Structure formats: structure tokens, C-alpha cells
Amino acid sequence: HTHTHHICLVMGELGLLATQAKRRPFRVCCCCKPHTELTKFEPFNLSQAMLYHRIYHHSLELHMNHLMFLHTYLFGIYFIVASADQIIILAAVAGLFGLYVCLLGRSILLWMVPYLIFAVGGLPFGAWSLHLMLSQQWGWPCWGQLALGASVVLASFSCQLLGHWLHELFNAPPSLMHGFLAAPVLEYISLLWRLGVTKGDRDAILREADACRERGFCLHRDLILRQIDD
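What counts as what
Residues numbered from 1 in each chain as written. Predicted model: local features only at pLDDT ≥ 70, side-chain atom pairs only at ≥ 80, totals over all residues. Heavy atoms only, no water. Helix = DSSP H or I, 4+ residues; strand = E, 2+ residues; numbered from the N terminus. Contact = heavy atoms within 4.5 Å. Patch = residues over 30% accessible without salt bridge, like charges linked within 9 Å, V, L, I, M, F, W, Y side chains within 5 Å. Areas by Shrake-Rupley, 256 points an atom, 1.4 Å probe, with all protein chains shown as cover. Salt bridge = Lys/Arg side-chain N within 4 Å of Asp/Glu carboxyl O. Buried < 20%, exposed > 50% of the residue type's maximum accessible area, 1.4 Å probe, protein only. pLDDT = per-residue confidence, 0-100.

**Details of the overall build of the protein chain**
Item 1. On a plain count of helices and strands, the protein chain comes out with nine helices and zero strands.
Item 2. Long-range pairs, those at least 24 residues apart, make up 82% of the contacts in the protein chain between residues at least 6 apart in sequence.

**Regarding a nonpolar patch on the surface**
Item 1. A surface patch of nonpolar side chains, about 390 Å² in accessible area, is lined by Phe44, Leu96, Leu99 and Leu103.
Item 2. With respect to the element layout, Phe44 can be found in the loop between α1 (2–23) and α2 (46–56).
Item 3. Look at Phe44 and you get partly exposed, because its relative accessible area is 41%.

**A short note on the pattern of salt bridges**
Item 1. Applying the stated rule across the entire model yields four salt bridges.
Item 2. Glu168 serves as the salt-bridge partner of Arg213, at 2.7 Å between the closest nitrogen and oxygen. Pair noted here: Arg213 is in helix α8 (residues 202–219) and Glu168 is in the loop between α6 (142–167) and α7 (176–194), with a separation of 45 residues, a long-range link.
Item 3. What makes Arg213 buried here is its relative accessible area of 14%.
Item 4. For Glu168, a relative accessible area of 0% puts it in the buried group.
Item 5. For the salt bridge of Glu208 with Arg215, the shortest nitrogen-to-oxygen distance reads 3.0 Å.
Item 6. Since its relative accessible area comes to 36%, Arg215 is described here as partly exposed.
Item 7. Shared partners join several salt bridges into a network, and the residues in it are Glu37, Glu208 and Arg215.

**Considerations on the confidence of the model for the protein chain**
A low pLDDT score tells you not to read the predicted coordinates there in detail.
Item 1. Per-residue confidence for the protein chain gives a mean pLDDT of 84, with 82% of residues at or over 70.
Item 2. When mean pLDDT is compared element by element in the protein chain, helix α4 (residues 87–104) scores highest at 97, while α1 scores lowest at 41.
Item 3. Contacts of residues 1–18 to residues separated by more than four positions or lying in other chains number eight contacts, the stretch itself having pLDDT below 50.

Right, here's the structure in full:
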């Protein structure tokens, strides 16, 4: 009976640590957070892209963080381009991003229209307007605007990394296509899903994302719990 009681106590302690790891992922060292079994990103397949994205961007807190700071990052990129004082180049960059949004979201293209207006119309317009104001009214040089745009991009990335440390248990494998291009629109689609819009295969993808995260937790349980227990 004593042995059984001891086993129950150990199992209870492990269960408590597991709950703490899932609820408070910031207790796991950022550089020690593991991957799940899914390490590849499909940039033009919406279902696969959303599965990857939801596995590594699971919590509401991280979603709100990325909704803001992915788009301040995007604005910073537009502003860096606008600082060259060539509106045609800015329009081309925005157009290429809009083309990718349309290709990725082709199955829900109608729901992409508000996002296109915002991310391909509003953000570049705001960046160009800020460039004109700084250039014509305040006399900022090109290098000063470049520095400002780069600062916005770096600050946005820093806030995103902080969000991952605070609110996410798993680290996504490095993916320039996801981090630099796809993530902003995937966060918009995640917002639609949270609002109950464009269901499609949403429920199946969310179930698979939850299952993949649970398998990842079981696979890396010792590593994660050792971090929590220290």
C-alpha cells in the first residue's frame, strides 16, 4: 500500500508539472522549447499552412500578440521600401504580397477581401503618407527613414519572440516563408476561425493540431518537466 501510495504521489506531481508547463510555458527556457513532429511548412496549401501555424501559435494570447506585431512588422517593411521615394516599387511589393494572399486564400477568396484592403491597400498607403510627411514637412533624410523602418521591424520581431516565450510551449522550426510572408495572413484566418467564420475543415485541422501538440508533449515530456521542476 505504501508503494502504491508513493506511485500515486509521483504521478500526481508529474500531472501537476505537466499542467504548469501547458498553462505557463514561460517557465520553459526559450532555447530549450522543442519542436513537434510537424517541421515542414506548406506555403501554398491553406489547410497544411493553418495546421502548421496553429500547432506553433496555439494560445489566444499569442494570437493577439501576433495580430498586432506581425502587422507592425509588415508596416515597417512597407515604410523601408517607401523611404526609397519610389511609389512604383512600393506598389509592386504590396502587389506581390497581395498575390500571395490570393493564392493562399483562393478557397475563401471573398473573406480575403477585407484583409487585402487593409494589408495591401491601407498599410502601404499609411507608409507612403508617413514617408511624405517626414520628407516634406520635417526634412528627414532617406537614411533616417530607413533607420526608423528597420527599428519598427526589429521591435516587432522582438515583441513576437517575447510572445512565443510567454505563451507558447513549442518552438517552430526556422521558416523564412512562414515568418516573413505567410504568418500575417494566417493570423487573420485564425481570427476568422475564432469568430466562427469560414469553418470549412477548421474543426478537423484544430483537432489534428491539438493531437500533434499532445504527441509532441509526450515525446518531449522529460525535457519539459525537467525545466519546470528546476
